[in-house]
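Examining the three-dimensional arrangement
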Amino acid sequence: MIYALYIFDRNDKCIFYREWERSKSRPDNVKEEEQLMVGLLKALKSFVSKTTPTESAVFDNYATSTYKLHYFESGTGIKFVLISDPKTASLGQELREIYRDYYVEYISKNPLYKLGSPINCASFTVAIDKFIKGLTSF
Amino acid sequence: MNRNQNLQKLGEQAYNKIEKINGELFTLTYGAIVCQLIKELDSLDEVNNQLDKMGYNIGLRLIDEFLARSNLGRCRDIKETAEVITKVGFKMFFGVTANVANFNPKKQSFLIQLEDNPLIDFVELPPQYKDKLSYSNLLCGVIRGALEMVQMKVVCTIKKCPLKGDEITEIKVKLIEILTTEIPVGDE
């Protein structure tokens, strides 16, 4: 089961959100939820880099009793977050695919898209839908 | 195999995978853009600026495709950055590789030397443009924009250009500062 996808830009602004089969709806204050998530990710990232026993480490995912959060950050600071059920295997590879085959192709190369603005591109949404629904873990 | 050869191989692979357009069409389109800018703008300085700005906007976006397709991580130092730009970046989007020269660890600067610059094929500059026009200035902008997105603020200038009688195209890149966007935890 995959529940939701968030994309944050390099300034931690949420530029894309999409959900599938999410039974409990988002809190009323969507902004606050996004800020909480950004804060959590930042704290986790800094915790991971401080506690690493070797040279460097990146944070990949964490699981709770009801969901698992998968994380990938591009070199340019765009953050991709997928929420799935806790049994799903790591979706790091899939997040990289979303970056490479969908974000770059539909958004970076889209002359109508202004960097940092919310993604409002129907073909991107359609393509992401198709990709997520085609995953074995969906 | 050492690191440089590795990068070279990576550049080849990336180049093979990427969608290509006709080189002559590309060269002529670029020429048409430069001509149009010269017609529309008052001075050649403005043309240079405009080319740099256009390149900058390309760079801001191009870097994502570069990172996604090359699968490269963060560079350890500016020297590595220089090698990655010349061996992988130039090959991937430009079809040619470049060389790094005069690397200066103290000043954090280096030169990119292009023996073959597809932008200037078929180009001849009228004498009145030779001194002031930086014909390939778009490249400077691209490098500047792309590096800014990975936290490096640089200045790029064209130092040599075959259109002005030099043997090769030479671009100087100098690191100004590493930008930090990380806000310490608990600061928000």
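Scope of this entry: the structure provided in the associated data block. (Residues numbered from 1 in each chain as written. Chains lettered and ligands numbered in written order. Predicted model: local features only at pLDDT ≥ 70, side-chain atom pairs only at ≥ 80, totals over all residues. Heavy atoms only, no water.)

1. Focus on the pattern of salt bridges
Under the defined criterion, the tally for this structure stands at 18 salt bridges over all chains. Between A:Arg26 and A:Glu33 there is a salt bridge; the shortest N-O distance is 2.7 Å. Of the two residues, A:Arg26 and A:Glu33, both sit in the buried class. Across the salt bridge formed by B:Lys160 and B:Glu170, the nearest N and O atoms sit 3.9 Å from each other. Of this pair, B:Lys160 sits in strand 3 (residues 152-160) while B:Glu170 is found in strand 4 (residues 169-178), placing the two residues ten residues apart along the sequence. Take B:Lys160: its relative accessible area is 34%, and that puts it in the partly exposed class. (Salt bridge = Lys/Arg side-chain N within 4 Å of Asp/Glu carboxyl O. Buried < 20%, exposed > 50% of the residue type's maximum accessible area, 1.4 Å probe, protein only. Helix = DSSP H or I, 4+ residues; strand = E, 2+ residues; numbered from the N terminus.)

2. Considerations on the environment of B:Ala68
Within the fold, B:Ala68 resides in helix 3 (residues 44-70). Residues B:Ala68 and B:Ile171 lie 103 residues apart in sequence; the distance between their C-alpha atoms is 25 Å. Beyond its immediate stretch of four places on either side in the chain, B:Ala68 contacts A:Tyr99, A:Arg100 and A:Val104. (Contact = heavy atoms within 4.5 Å.)

3. Some remarks on the pairing of strand 2 (residues 109-114) of chain B
Residues and elements named next belong to chain B. By the criterion of burial, strand 2 is predominantly enclosed, with five of the six residues buried. Bridging between strand 1 (residues 99-104) and strand 2 involves four bridges; their strand directions are antiparallel. Bridging from a neighbouring strand, Ala101 pairs with Leu111 of strand 2. Pairing analysis gives six bridges linking strand 2 to strand 4, with the strands arranged antiparallel. In the sheet register, Phe110 faces strand 4, and the bridge partner there is Val173. (Pairing = 2+ DSSP bridges.)

4. Here we look at the sheet that holds strand 2 (residues 14-19) of chain A
Residue and element names in this part refer to chain A. Read from one edge of the open sheet, five strands run 2-1-5-4-3, paired in antiparallel fashion. At either end of the open sheet lies a strand with only one pairing partner, and these are strand 2 and strand 3 (61-63). Averaged over all neighbouring strand pairs, the angle between strand axes comes to 10°, with direction disregarded. Relative to strand 2, strand 1 (residues 2-8) runs antiparallel, the two sharing five bridges. What sits directly across from Leu5, in strand 2, is Arg18. Contacts from helix 3 (residues 122-134) reach strand 1, strand 2 and strand 5 (79-84) within the one sheet, and its direction differs from that of strand 2 by about 45°. (Axes fitted to C-alpha atoms, helices over the stretch in contact; angles between N-to-C directions.)

5. Here we look at helix 6 (residues 137-149) of chain B
All names here are of chain B. With 13 residues, helix 6 extends 19 Å between its outermost C-alpha atoms, agreeing within 8% with the 18 Å of an ideal straight helix rising 1.5 Å per residue. Along helix 6, eleven of the 13 residues are buried, which leaves the element largely enclosed by surrounding structure. Within the sequence span of helix 6, burial applies to Asn137, Leu138, Leu139, Cys140, Gly141, Val142, Ile143, Gly145, Ala146, Leu147 and Met149. At the exit of helix 6 stands Gln151, carrying a positive phi of roughly 75°. (Expected span 1.5 Å × (residues − 1).)

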